[in-house]
Amino acid sequence: MSCDVSECENSTAVRLYIPWADTRAVCPAHARALAQQDGVVAEPLDGTEEQWP
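Below is a short write-up of the structure.

### So, the overall build of the protein chain
Piece 1. Helix and strand content of the protein chain: one helix and three strands.
Piece 2. Helices and strands in the protein chain line up, N terminus first, as β-β-α-β.
Piece 3. Relative to the 2.2 N^0.38 estimate, which gives 10 Å for 53 residues, the radius of gyration of the protein chain is 10 Å and therefore close to what a compact globule would have.
Piece 4. Principal-axis analysis of the C-alpha atoms places the extent of the protein chain at approximately 30 × 20 × 15 Å.
Piece 5. In the protein chain, of all internal contacts separated by at least 6 residues, the share reaching a separation of at least 24 is 33%.
Piece 6. Carbon and sulfur atoms make up 47% of the accessible area of the protein chain, which amounts to about 3,700 Å² in all.

### Observations concerning the sheet that holds strand 3 (residues 41-44)
Piece 1. Read from one edge of the open sheet, three strands run 2-1-3, paired in antiparallel fashion. With partners counted over all chains shown, the strands left at the sheet margins are strand 2 (24-26) and strand 3, one partner each. When strand polarity is set aside, the average angle formed by the axes of neighbouring strands in this sheet is 30°.
Piece 2. Pairing between strand 1 (residues 14-17) and strand 2: three bridges, direction antiparallel. Pairing of L16 across the sheet is with R24, part of strand 2.

### Overview of the environment of D46
Piece 1. Relative to the elements of secondary structure, D46 occurs in the segment after strand 3.
Piece 2. Given the relative accessible area of 77%, D46 is considered exposed.
Piece 3. The spatial distance from the C-alpha of D46 to the C-alpha of S11 is 13 Å, given a sequence separation of 35 residues.

Rules used throughout
- Residues numbered from 1 in each chain as written.
- Predicted model: local features only at pLDDT ≥ 70, side-chain atom pairs only at ≥ 80, totals over all residues.
- Heavy atoms only, no water.
- Helix = DSSP H or I, 4+ residues; strand = E, 2+ residues; numbered from the N terminus.
- Rg over C-alpha atoms; globule rule 2.2 N^0.38 Å.
- Contact = heavy atoms within 4.5 Å.
- Areas by Shrake-Rupley, 256 points an atom, 1.4 Å probe, with all protein chains shown as cover.
- Pairing = 2+ DSSP bridges.
- Axes fitted to C-alpha atoms, helices over the stretch in contact; angles between N-to-C directions.
- Buried < 20%, exposed > 50% of the residue type's maximum accessible area, 1.4 Å probe, protein only.

Such coordinate-based values are descriptive only and should not be taken to indicate function.
Below you can see the structure in the form of structure tokens.
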């Protein structure tokens, strides 16, 4: 599955629960940036360990 961020074709590795928006499935790069916002909870997806740097 592709990252939910527009124009990103990387594979998803994290589910982000965002209180003010819909839940997103994103790649590790976008997860690092988005998960730093207050209230966002990041959940690594099973079987995606090889995608992490």
